[in-house]
Amino acid sequence: MNKTNLMALGLLSLSATSTSTAVFAGGNDDPLLTKVMLDQFEKGVDPQDPTQFSAQAWLGYDLNKLWLKTEGEYSNSDKQDFEIQALYSKPIAPYWDVQFGIKTDIKPTPNRNWAVIGVQGLAPYFFDIDAALFIGDQGRTAMRLSAEYELLITQKLILTPEVEVNLFGKDDAELGIGSGLSDISAGLRLRYEIVREFAPYIGVDWRQKLGNTADYARIEGEDTQETQFVIGFRAWF
Amino acid sequence: MKSQYMIKPMIQKPNSELNNSRRRFVFGASAMLALMSIPFPKNAFANALSQSLSQLSGKVFDLSIDYKMVNFTGKSARATVVNQLLPAPLLRWKEGETVTLRVKNNLDHDSSIHWHGIILPTEMDGVPGFSFDGIKPGETFEYQFTVQQSGTYWYHSHSGYQEQTGLFGAIVIDPATPDPVIYDRDYVIMLSDWSDEAPENIYAKLKKQADYYNYRERTVMDFFSDVNKNGLANTWNARSMWNNARMSDTDISDVTGSTYTYLMNGNPPQQGWQGLFEQGEKVRLRFINSSAMTIFDVRIPGLKMSVVASDGQNIQPVSVDEFRIGVAETYDVVIEPEVDNAYCIFAQSIDRTGFTVGNLTSDASLHAPIPPMDPRPVLGHSDMGMDMNGMDMNGMDMNGMDMNGMDMNGMDHSKMDMGAGEMSGMDHSKMAMGGSDMSGMDHSKMAMGADDMSGMDHSKMPMGGGDMSGMDHSKMAMGAGDMSGMDHSKMDMGAGDMSGMDHSKMAMDAAKATVSGLGLAGFGSNNEIKHIDTEFGPQVDMRADAPKSGLHDPGIGLRDHQQQFNRKVLTYGDIKGLHPTYDTRQPSREIQLHLTGNMNRYMWSVNGVKFMDAAPLEFEYGERLRITLVNDTMMTHPMHLHGMWSELETGDPDFIPRKHTVLVQPGSKISYLVTADAKGQWAYHCHLLFHMPGMFRKVVVK
């Protein structure tokens, strides 16, 4: 498989690989697989709190994957967030993948489109890292860094601290986003894996808007800081 | 014809000799006591008619492959079986005869049968894509070959994952000449692993989450209990390397007892298998590990086992309490059980997540207690190919687990915990000193400045074939006090070949011993361990830069059994052929192959290249060569070469044992000789079913 095919996210070329390997003794070492991960699906305990989800899915082979990432939040029809990324993911090191593709912010409106380049992987000490640079139209740039850690209380009771920061290259007044460090969030979720694939959890989520973004929020009369207790579940297949 | 497999021997020694040779066991009485004192669930062997293997014998065999619903777990699941049996029928052949095997495939997928360990023409080997096209649904393939060997072997599907779902059976070949092994009764003991999950799903889960089946990860609770025991600094240091490397020291088996039910002759542990013996009988047990993914540790509490054959080939008997049997290996042992007693044949998985049992008794109403499983093993630094017991890890560069360029110079052994002052009883048995990478290793701070060094046991220090080149003991502070009792007598330096390492030089002479060239047949490789370019990339997460010799290593989880339980555990170093070495030529060349993988991505390969992308290995017909396997992973890989023997270099050039499957210990190396006397295309692969698709090579002999 050559690189040009891959860059084009050619699923046809991906599936061609799988048919060419079937015969030999042990079978195919690298079958076409998909994994769908609903990492978070949760509701705030307070009735005012939004419903929030974050999911990823991949389709592909060991060294070539089409990766989808989506997250969203729904409070009411006026206040919702929804974004989706489609990425091609290619390993560059034993624990690291480089990912590039597109991201579209569907809500809030007006929607924004971005080109994405990022790295995702496992850092020493088992930190799950996802770092991406977004380049939008009209010279917009943004960056998101997130880190997650799994602390096993027991084999099935798992505490997950995570942090995420967002940065923007310039103001986007329509969306209330200011340049610089715009927000930081931290979460702590305690899940119980009934089976590997399904785990209900409870958690707490804290978000702080910063800098110009916080100023926009104050003008709009919104809180710059939110803390909510959440109940949700995590699932994959 | 089916019959209970209980065969009287062809050769029998006179009774007097039998009696004289019977051994008395101090364990006998205590086992009886244990039997009375340990409460034992009455229903454990309630199904008295535990399944024994059905046997087919003769020259022509009709085998039909079908699906069948089975129930080992309380749930019904679909198996692939031969003649409606799981395990498939035991085939009894006779050396020298020509056998015909008509195999009908009633599956809706291609199938095949590979005769594991059998020397035969390449087109009869049963590997789809190499030997033939496989057996299509509804078709019958006729295998025919002349049996040129005797002993215990097995057969299994070589298509897809059918082996995991039950398509395996035993082969026993009676020798044409008198059997050197004396026994009155023999049983085949087939060990296997069963899952209700479809194997494709197991494989997919491993690709999606490599630790899916590991429910023994380190927890916060463990951490605190270790801190309590060992202190914060030690616990932190012990964990930090693994955490830094993003690896788990509890990753022993990819697939565990969380999905597997372990079977003995097709019986789950709740049911067990039962075998009977009569007074004064010597019983030959033919162990076959027909698992897909499970390495077993086998023992029979209260009985010594005399290991008489390995992979079907007779060996000089070794008396042991316990042995590890890799996937696809076979071991024959002879035991002398005492009448009116019951013995538990106990096979626990390498990761101690499950076991399977049999009851061996002279009285069907007696049932031996099932022992508890041994402590679960934890991987050590040496399993990553680093020999750094107790060494100071601070400041070591482990970036990406890339140990290339790891600085072994200045390795600080000063913290090696050797007890205060007293060196007696020091055990260097696991001190493996393989490879020239050890040059510059500084033992100068090794705290050996003790008064009393008597009783220091170097007996199992594996130093075969001059592996010590460049190792500098010159500053080893052994100067003080009494060294009189230091026992180097059994130091395994390869039958008097001291060229690699001279005692006189060990006597604190700074001069370095070196050996160049191939190394003599029987002693393994002298060559430098090299990681070639293809080993670098996202598909490989570890490279062992100081792989030790795997020869004398009982293996992960067994290393302390001698000290802890007083059990003698078989190692490859104990194995010598009964028959003198068949081909006494020196090897003319050596192939170094690295077993590689990425645990986290669940990718497996050889030299970093998976089978689909690899060129075949080429052997020249008739040549004698050496293969050195270097395990750059933390898993134990059973490597199986089809068509030709793997003659394991265990240190005695005159009695090199022949094997078909060789366990390569984590972070270790091992060498064997091959005579390329079989033209054709052969498979060469790791016999762990889910490693095999990638960790596989085609071998072409022409």
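Computed from a prediction, not measured in an experiment: that's the story for all the values here. (Residues numbered from 1 in each chain as written. Chains lettered and ligands numbered in written order. Predicted model: local features only at pLDDT ≥ 70, side-chain atom pairs only at ≥ 80, totals over all residues. Heavy atoms only, no water.)

## Some details on the overall build of chain B
Stated precisely, the cut-off is as follows: For the purposes of this entry, the term helix denotes a DSSP run of H or I that reaches at least four residues, the term strand denotes a run of E that reaches at least two, and both are numbered from the N terminus. The buried label goes to any residue with under 20% of its type's maximum accessible area, the exposed label to any with over 50%, and the partly exposed label to all in between, with areas taken from a 1.4 Å probe on protein chains only. Two residues form a contact once any of their heavy atoms are found within 4.5 Å. Methods summary: accessible areas were calculated by the Shrake-Rupley approach with a probe of 1.4 Å, and residue burial reflects only the protein chains presented.
Along its length, chain B carries seven helices and 32 strands. Buried positions account for 63% of the 702 residues belonging to chain B. Of the contacts made within chain B by residues no fewer than 6 positions apart, 79% connect residues no fewer than 24 positions apart. Per element, the accessible surface of chain B, about 24,800 Å² overall, is 50% carbon and sulfur.

## Things to note about helix α3 (residues 199-208) of chain B
The buried count for α3 of chain B comes to eight of 10 residues, which makes it a mostly enclosed element. Those residues of α3 of chain B that sit buried are Pro199, Ile202, Tyr203, Ala204, Lys205, Leu206, Lys207 and Lys208 of chain B. Along its buried surface, α3 of chain B packs onto β1 (33-44), β2 (51-61) and β13 (225-236) of chain A together with β10 (185-195) and β23 (603-606) of chain B.

## Overview of the nonpolar core
Residues and elements named next belong to chain B. The line we're drawing: Here, nonpolar core refers to any group of buried Ala, Val, Leu, Ile, Met, Phe, Trp, Tyr and Cys residues whose side-chain atoms link them within 4.5 Å.
Trp93, Trp115, Leu285 and Phe619 are the most contacted members of the largest nonpolar core, which has 153 residues in total. When sequence neighbours within four positions are dropped, the list of residues in contact with Trp93 reads Phe61, Val99, Leu101, Trp115, Ile118, Phe145, Val147, Ile171, Val172, Ile173 and Asp174. Counting residues in each nonpolar core, the second largest holds six residues, with Val127, Phe130, Met692 and Phe696 among its members.

## Some points on the interface of chain A and chain B
As a reminder of what qualifies: Take the accessible area each of two parts loses on contact, using a 1.4 Å probe, and add the two losses: that sum is the buried area. Two N or O atoms form a polar contact when they lie within 3.5 Å of each other; inside protein one atom must be a possible hydrogen donor and the other a possible acceptor, and for residues adjacent in sequence the pair counts only when both atoms belong to side chains. Polar here means any residue other than Ala, Val, Leu, Ile, Met, Phe, Trp, Tyr, Cys and Pro, which are nonpolar, and Asp, Glu, Lys and Arg, which are charged; Gly is therefore polar.
The interface of chain A with chain B comprises 39 residues on the first partner and 47 residues on the second. Of all residues in chain A, Asp29, Tyr95 and Arg196 of chain A give up the largest surface area on contact with chain B, accounting jointly for 20% of the area buried on that side. Connecting chain A to chain B are 22 residue pairs in polar contact (both at pLDDT 80 or more). Of all elements in the fold, only β1, β4 (79-93), β5 (96-107), β6 (112-123) and β9 (151-152) of chain A reach the threshold of two or more residues within the side of chain A that touches chain B. Residues of the side of chain A that touches chain B, tallied by class, amount to 23 nonpolar, eight polar and eight charged.

## Quick notes on the pattern of salt bridges
All names here are of chain B. Condition: In the sections that follow, a salt bridge refers to a side-chain nitrogen of Lys or Arg positioned within 4 Å of a carboxyl oxygen of Asp or Glu.
Scanning the model with the defined rule gives 60 salt bridges over all chains in all. We note a salt bridge from Arg92 to Asp174, for which the minimum N-O separation is 2.7 Å. Remark: Asp174 occurs in strand β9 (residues 168-174) and Arg92 occurs in strand β4 (residues 88-94); sequence separation between them is 82 residues. Each member of the pair Arg92 and Asp174 is classed as buried.

## With respect to the UniProt feature "domain: Plastocyanin-like" (unreviewed entry) in chain B
Residue and element names in this part refer to chain B. How we decide: UniProt positions are given in the numbering used here, feature names are shortened, and annotations may be inferred rather than shown by experiment.
The feature "domain: Plastocyanin-like" (unreviewed entry), as given by UniProt, occupies residues 66-176, 186-348 and 585-701 in the numbering adopted here. Strand forms 44% of residues 66-176 and helix 0%; the C-alpha atoms that close the span are 34 Å apart. Overall, residues 186-348 shows 21% helix and 37% strand. The separation of its end C-alpha atoms is 22 Å.

## A closer look at the sheet that holds strand β15 (residues 305-310) of chain B
Residues and elements named next belong to chain B. What counts, and what does not: When DSSP finds at least two bridges between two strands, those strands are taken to pair. Axes, fitted as lines to C-alpha atoms, cover a helix only where it is in contact. Angles between the N-to-C directions of the axes lie from 0 to 180 degrees.
The six strands lie next to each other as β11-β10-β13-β18-β15-β16, forming an open sheet whose pairing is mixed. The open sheet terminates on both sides in strands that have one partner only, identified here as β11 (260-264) and β16 (313-320). Across the sheet, the mean angle from the axis of one strand to that of its neighbour is 20 degrees, orientation sign disregarded. Relative to strand β18 (residues 330-335), β15 is paired through four bridges, and the arrangement is antiparallel. Each bridged residue has a counterpart across the sheet, and for Ser310 the counterpart in β18 is Tyr331.

## Notes on the side chain of Arg567 of chain B
Residue and element names in this part refer to chain B. Structurally, the position occupied by Arg567 is in the loop between α7 (561-565) and β22 (589-598). Only 3.1 Å separates the side chain of Arg567 from the side chain of Glu322, close enough to count as a polar contact. Setting aside its immediate chain neighbours within four residues, Arg567 contacts Arg299, Asp321, Glu322, Asp374, His561 and Gln562.

## Some points on the pairing of strand β7 (residues 127-136) of chain A
On a regular strand, one side chain projects to one face of the sheet and the next to the other, so that they alternate. All names here are of chain A. The pairing of β6 with β7 spans 10 bridges and is antiparallel. Across the sheet, Leu122 pairs through a bridge with Asp128, a residue of β7. Joining the antiparallel neighbours β6 and β7 is a turn of three residues, in which Tyr125 adopts a positive phi near 70 degrees. Counted between consecutive antiparallel strands, the loop separating β7 from strand β8 (residues 141-148) contains four residues, among which Gln138 sits at a positive phi close to 55 degrees.

## Examining the sheet that holds strand β2 (residues 60-70) of chain B
Hydrogen bonds between backbone atoms are what pair the strands of a sheet, whose relative direction is either parallel or antiparallel. Residues and elements named next belong to chain B. Spatially, β3-β2-β5-β7 is the arrangement adopted by the four strands of the open sheet, whose pairing is mixed. For this open sheet the edge positions go to β3 (77-82) and β7 (140-146), each flanked by a neighbour on one side alone. Taking each pair of neighbouring strands and ignoring which way they run, the sheet shows an average axis angle of 20 degrees. Strand direction decides the pairing type here: β2 and β3, joined by six bridges, are antiparallel. Following the sheet pairing, Lys68 is matched in β3 by Ala79.

## Let's talk about the pairing of strand β29 (residues 661-664) of chain B
Residue and element names in this part refer to chain B. Of the two faces of β29, the one holding Thr661 and Leu663 and the one holding Val662 and Val664 are both buried throughout. Bridge count for strand β26 (residues 637-641) against β29 is four bridges, and the pairing is antiparallel. Each bridged residue has a counterpart across the sheet, and for Met639 the counterpart in β29 is Val662.

## What to know about the domain arrangement of chain B
Residues and elements named next belong to chain B. Applicable threshold: Where each domain starts and ends comes from a domain assignment, either automatic or drawn from a database.
Under the domain assignment, chain B is made up of domain 1 (55-177), domain 2 (260-378) and domain 3 (533-701). Domain 2 puts 32 residues into the contact, and the matching count from domain 3 is 34 residues. Taking both partners together, domain 2 and domain 3 bury about 2,800 Å²; carbon and sulfur atoms supply 61% of that area. Of all residues in domain 2, the largest losses of buried area upon contact with domain 3 belong to Met293, Gln316 and Arg324, amounting jointly to 21% of the total for that side. Put simply, domain 2 and domain 3 have four salt bridges between them. Glu329 is paired through a salt bridge with Lys659; the nearest N and O atoms lie 2.8 Å apart. Linking domain 2 with domain 3 are 19 residue pairs in polar contact (both at pLDDT 80 or more), by the criterion used here. If you list the elements that add at least two residues to the side of domain 2 that touches domain 3, you get β14 (296-299), β15, β16, β17 (322-325) and β18. The dominant element in the side of domain 2 that touches domain 3, judged by the number of residues it contributes, is β16, at seven residues.

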